[in-house]
Amino acid sequence: MILPIVSSMQEQVQDFFIKQWGSSQMVVSSGTYDCAKLEGFVYMKSNQIHGLVTYVIRDEEVEIISLDSLIENSGIGSHLLHAIEEIGMQHRARQLIVITTNDNLRALGFYQRRGYRLERIIHDAVTRARKLKSTIPQVGYDKIPLLDEILLTKKLKE
């Protein structure tokens, strides 16, 4: 079941981020965020979080800050993404944006299959982020050096 994050869930959301990422702090080229304090949605099953998405709304766009699913290929990520698209349309946003890292090939495929387009490469963004969050590893998925961010966008229907 997809539910909006409410204040009574904050401790559970914080625990989810710590378990998944070691911290709820996210440093990307668009800013530094405490994901446990952002708006978002959770996918709950048996009173446990199995997926979570957070976002920020800026002018005419919605930026997805984090998207996690504990069970891949189960539809959780797609359902959470759909909830964000609904928020974007309610706020009359023109587009959705998401930033991922150059090593995250699964995320790149996931978003592109759902209509997101590669917009630009932000060279050395992870290198700069590492100065603010030293726990970001040097090497990511599939032993790919973790250096750049990739911005993807999806236009919303007007």
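Above this note sits the structure.
Residues numbered from 1 in each chain as written. Predicted model: local features only at pLDDT ≥ 70, side-chain atom pairs only at ≥ 80, totals over all residues. Heavy atoms only, no water.

## Looking at the side chain of H50
- Within the secondary structure, H50 is located in strand β5 (residues 48-58).
- If sequence neighbours within four positions are ignored, H50 has contacts with Y43, K45, D68, S69, L70, I71 and I76. (Helix = DSSP H or I, 4+ residues; strand = E, 2+ residues; numbered from the N terminus. Contact = heavy atoms within 4.5 Å.)

## Points about the pattern of salt bridges
- Throughout the structure, instances matching the rule amount to five salt bridges.
- Residue R94 is joined to E60 by a salt bridge in which the shortest nitrogen-to-oxygen separation is 3.6 Å. With R94 in the loop between α2 (76-90) and β7 (95-101) and E60 in the loop between β5 and β6 (61-69), the pair connects residues that are 34 residues apart, well separated along the chain.
- You can call E60 partly exposed: its relative accessible area is 45%.
- Among the salt bridges present, the one from E85 reaches K154, with a minimum N-O distance of 3.0 Å. (Salt bridge = Lys/Arg side-chain N within 4 Å of Asp/Glu carboxyl O. Buried < 20%, exposed > 50% of the residue type's maximum accessible area, 1.4 Å probe, protein only.)

## Digging into the packing of aromatic side chains
- Inspection of every chain in the model, using the stated rule, returns four aromatic pairs.
- Between the aromatic rings of F41 and Y55, the centroid separation amounts to 6.3 Å while the plane-to-plane angle is 20 degrees, which identifies the pairing as stacked. You can see F41 sitting in strand β4 (residues 39-45) and its partner Y55 sitting in strand β5, a full 14 residues away along the chain. The pair formed by F41 and Y55 is uniform in burial state, with each residue classed as buried. (Phe/Tyr/Trp six-rings, centres within 6.5 Å; stacked < 30°, edge-to-face > 60°.)

## With respect to the pairing of strand β3 (residues 31-34)
- The pairing of strand β2 (residues 25-28) with β3 spans four bridges and is antiparallel. Among the inter-strand pairings, Q25 is bridged to a residue of β3, identified as D34.
- Turn length for the β2-β3 hairpin, with the two strands adjacent in sequence and antiparallel, is two residues. (Pairing = 2+ DSSP bridges.)

## Remarks on the environment of D148
- Inspection of the secondary structure assignment puts D148 in the loop between α4 (125-132) and β9 (149-155).
- Under the relative-accessibility criterion, D148 is labelled buried at 17%.
- As for D148 and T127, which are separated by 21 residues in sequence, their C-alpha atoms are 7.4 Å apart.
- Look past the residues within four positions of D148 in its chain and what remains in contact with it is T100, T101, N102, I121, I122, H123, D124, A125 and V126.

## Points about the sheet that holds β6
- Read from one edge to the other, the open sheet built from seven strands follows the order β1-β4-β5-β6-β7-β9-β8, with strand pairing classed as mixed. The sheet is open, and its two borders are formed by β1 (2-4) and β8 (117-122), each paired with just one other strand. Each strand of the sheet is rotated relative to its neighbour by a mean of 25 degrees, with strand direction disregarded.
- Sheet topology note: the β4/β5 ladder contains seven bridges and is antiparallel. Bridging across to β5, M44 finds its partner in I49.
- Where helix α1 (residues 10-21) meets the sheet, it contacts β4, β5 and β6, and its direction lies at approximately 100 degrees from that of β5. (Axes fitted to C-alpha atoms, helices over the stretch in contact; angles between N-to-C directions.)

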